[in-house]
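Spelled out, the chains give:
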Amino acid sequence: MNAARQSDPTPAILRVVLPLPLPQTFDYLSNGWTVPVGARVRVPFGRSHRIGVVVETTDEADVDRARLKPVDALLDAEPLIDPGLLADLHRAADYWCGAFGDVVFGALPLALRDGHATTDFAEQAWRATQAGTAARDARSRRGGSAALLTTLGDATLSASELDTLLPGWRAAARRLVAAGLVACVAPPATAPRTREGAAPVLNDEQADALASILSAGTGFHPFLLHGVTGSGKTEIYLRLTERMLQQGRQTLWLVPEIGLVPQALRRLRARFDARIAVLHSNLAEGERARAWLEARAGAAAIVLGTRSAVFAPLPRPGLIVVDEEHDASYKQQDGFRYHARDFALLRAQSLDVPIVLGSATPSLETLANVEAGRYVRLRLHHRARAQPASPVHVLDLRGLKLAHGLSPALLEALDACIARGEQALVFKNRRGYAPVLLCHACGWHAACPNCEKPLTLYRGRRQLLCHHCGHTERAPEACPHCGATALIPQGQGTERLEEALVARYPDVPVLRVDRESTRQRNAFGKLLDRLADGKPAILVGTQILAKGHDLPNLTLVAIVGVDEGLHSVDFHAGERLAQLIVQVAGRAGRADKPGSVWLQTHEPDHPLLATLLQGGYDAAAALQMGERLASSLPPFAHLALLRAESARHDALDAFMAAARDALGRPVGGLRINGPIAAPMPLRAGRHRAQLLLESPQRPALRQVLAAWWPRLHALPQPRGLRWSLDVDPVDLY
Ligand code: ADP
Ligand code: ZN
Ligand code: ZN
């Protein structure tokens, strides 16, 4: 971008990006208007009109000036996207090979992409009136109304907060506003404050960590807050946020997934009376725009959200927090494949503010940055409440007779846990009843016709489902191949474990938590509410359970199937598995009761497991780091992966060959692997291929990509072929 020219009287040409996956910008005549960079304009495009964002003003057109058309309308008198953010988006587009227009529009809430005026989204907030508070205390309201009064408490909450804490709150709000119990008000203009008596006294480790961060002062300082689960990392984020509030600066607080937002919001709300904008994909579009605009106006002191919240404008920035920084959910897996943690780092640098990456199980990339001296690591070794970390018992499954995958020793431990009146978590990273349905008579197994992979049996629904493409079919009663009725489900998924546990513990609620059981909005929140009373219960679930939920009466954690993770072809698998085990284990015994962790495996001597159990995450990470170094993989090399897929094999091969040719001769130590078939060569009836670039040096890779990416766009694009370029891929599938 050419900043110098912006001082010219009225540059005649506006360089505009449109929401298109194309590398180029488009030039228009400014019509004599003074249009700020970062403002939206409506422009003629083809036979229709589009909304674009001005990214540069200039006097020199890319094409013959006589062919340029004037813009139709100017939509923002002020930049919608400030120049700093625009420049960061430009850097991001360069880094992750995204189309600048796609990236810019992706950063905007949907409701602002279509030309709505910013004034369409007046700031609103809700609070209980005196009568409402009285009604709450007298419990004179029920159902949704009671829930809304309780959620509001004595705070004034924005719609984005209410959408987060109490989905579907609007009906109750209408009733209560009509009854004079709740008021819809302009957000309070009072200065943010900390609620009294809410904060615990920091322990020494916490105090040291906090002091280190604060003494670094303002300016870009990256920290890794490496603390075991429950060590009080969140407490540190809260203290830092408090400091920002006092200084009148904004905090951007990222969590890796939507299920963790309500909990973070409750912690913030319990501590502060401040304006909080919440940004995630479960908001009504209007609320999302409103929250984004509150961040942009500087009105929101705290911006809390998932991945895409990292694009929020911050006019008075103070601090960025990236909680659970190791979580792969921070990587966008389609469209513009950015990494929110890495963009947050880029933002912190250009905003010149400190950034705190928090994790109990830091990613190898981050650990490498610590080792290189680029980030300062602060450690919290102990849990904040007296409870020590739970002991881990390894259950060697070899030769044992299992009941639906559960070993006798584990069942005994579960019996004891339930008898003590406590809660247990049984973790298995597999949805459905069984991952394979096998014919015992002839060896046939149910496979997806589009992917050629085994179909997962969902017994409750009597369905077979492909986890790769979503194909479903009715589960057969008899083998379609030989007609025998000897169909056996092989292996266990969460549904099967649930069934086995229900049969064994008929009087104890068994709650299954996986993507199937939590598909509905807030279903997970409701499940967790059922556990909050601390009564005995068993949770059965997948990955979702690994993340940060605080259940005080949960004392037993059983990890019943990890062996699949030991044999994955993806080089990230070891790191992921170590993180998963440590995170799941961290759920046990968080409050005042001791916990225990039970790990079932057929391979107790596997180096990764053995190292993890003996030396903890540090040792496991060191082991992985050694392997990555030995095989020149990230963080010791930098990868970019071209993926393509097509229903037609010949089209795919032709495109991949052309893509390979477009690379030219490898330079600067670049290694080119492929084109080869993808690890999953067929998905949803489409053939898949890939080409992997590996470079020991980041600049060399970026140079190659800068030249290659536009060439890929310029290649003949066979109909129905889809391709994407993934920089720093988090998986190689
Ligand atoms: P993390 O984010 O590392 O998992 P949290 O900040 O959530 O840890 O702390 C775990 C629990 O310990 C929370 O209930 C928190 O309120 C409590 N806690 C944190 N710091 C302290 C402290 N210094 N004294 C007492 N309790 C604390
Ligand atoms: Zn058969
Ligand atoms: Zn399939």
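The shown structure was predicted, so the numbers you read here are calculated from the model rather than taken from an experiment.

1. Focus on the coordination of the zinc ion (ligand 3)
- Taken together, Cys448 (SG), Cys451 (SG), Cys466 (SG) and Cys469 (SG) make up the full set of protein donors to the zinc ion (ligand 3), lying 2.3 to 2.4 Å away.
- One way to put it: the 4 donor atoms around the zinc ion (ligand 3) meet at angles of 105 to 114°, and that makes the site tetrahedral.
- Sequence spacing among the residues donating to the zinc ion (ligand 3) works out to C-x2-C-x14-C-x2-C. In this pair, cysteine 448 is assigned in the loop between strand S20 (436-439) and strand S21 (456-458) and cysteine 466 in the loop between strand S22 (463-465) and strand S23 (472-474), connecting sequence segments 18 residues apart.
- A relative accessible area of 2% places cysteine 448 in the buried class.

2. Re the packing of helix H17 (residues 573-585) against helix H18 (residues 607-630)
- Put simply, H17 and H18 touch, their axes get as near as 10 Å, and they point 150° apart. One element, H17, and the other, H18, form an angle in the roughly antiparallel class. Our pair here, H17 against H18, has a crossing hand that is left-handed. The residues of H18 that touch H17, namely those facing Gly574, Glu575, Leu577, Ala578, Gln579, Ile581 and Val582, are Leu608, Leu609, Leu612, Tyr617, Ala620, Gln624 and Arg628.

3. Thoughts on the pattern of salt bridges
- The full count for this structure, using the stated rule, is 38 salt bridges.
- In this structure, aspartate 618 and arginine 379 form a salt bridge, with 2.7 Å as the shortest nitrogen-oxygen distance. With a gap of 239 residues between them, aspartate 618 in helix H18 and arginine 379 in strand S17 (residues 376-380) connect regions that are remote in the sequence.
- Given the relative accessible area of 27%, arginine 379 is considered partly exposed.
- Residues joined by salt bridges that share partners form a network here, namely Lys331, Arg337, Arg643, Asp726 and Asp731.

The rules behind each value
Residues numbered from 1 in each chain as written. Chains lettered and ligands numbered in written order. Predicted model: local features only at pLDDT ≥ 70, side-chain atom pairs only at ≥ 80, totals over all residues. Heavy atoms only, no water. Donors = N, O, S within 2.8 Å, 3.2 Å for Na, K, Ca; no water. Tetrahedral: all angles 85-135°; square planar, octahedral: opposite > 155°, others 65-115°. Helix = DSSP H or I, 4+ residues; strand = E, 2+ residues; numbered from the N terminus. Buried < 20%, exposed > 50% of the residue type's maximum accessible area, 1.4 Å probe, protein only. Axes fitted to C-alpha atoms, helices over the stretch in contact; angles between N-to-C directions. Parallel < 35°, antiparallel > 145°, perpendicular 65-115°, else oblique. Left-handed = near helix turned anticlockwise from the far one by under 90°. Contact = heavy atoms within 4.5 Å. Salt bridge = Lys/Arg side-chain N within 4 Å of Asp/Glu carboxyl O.

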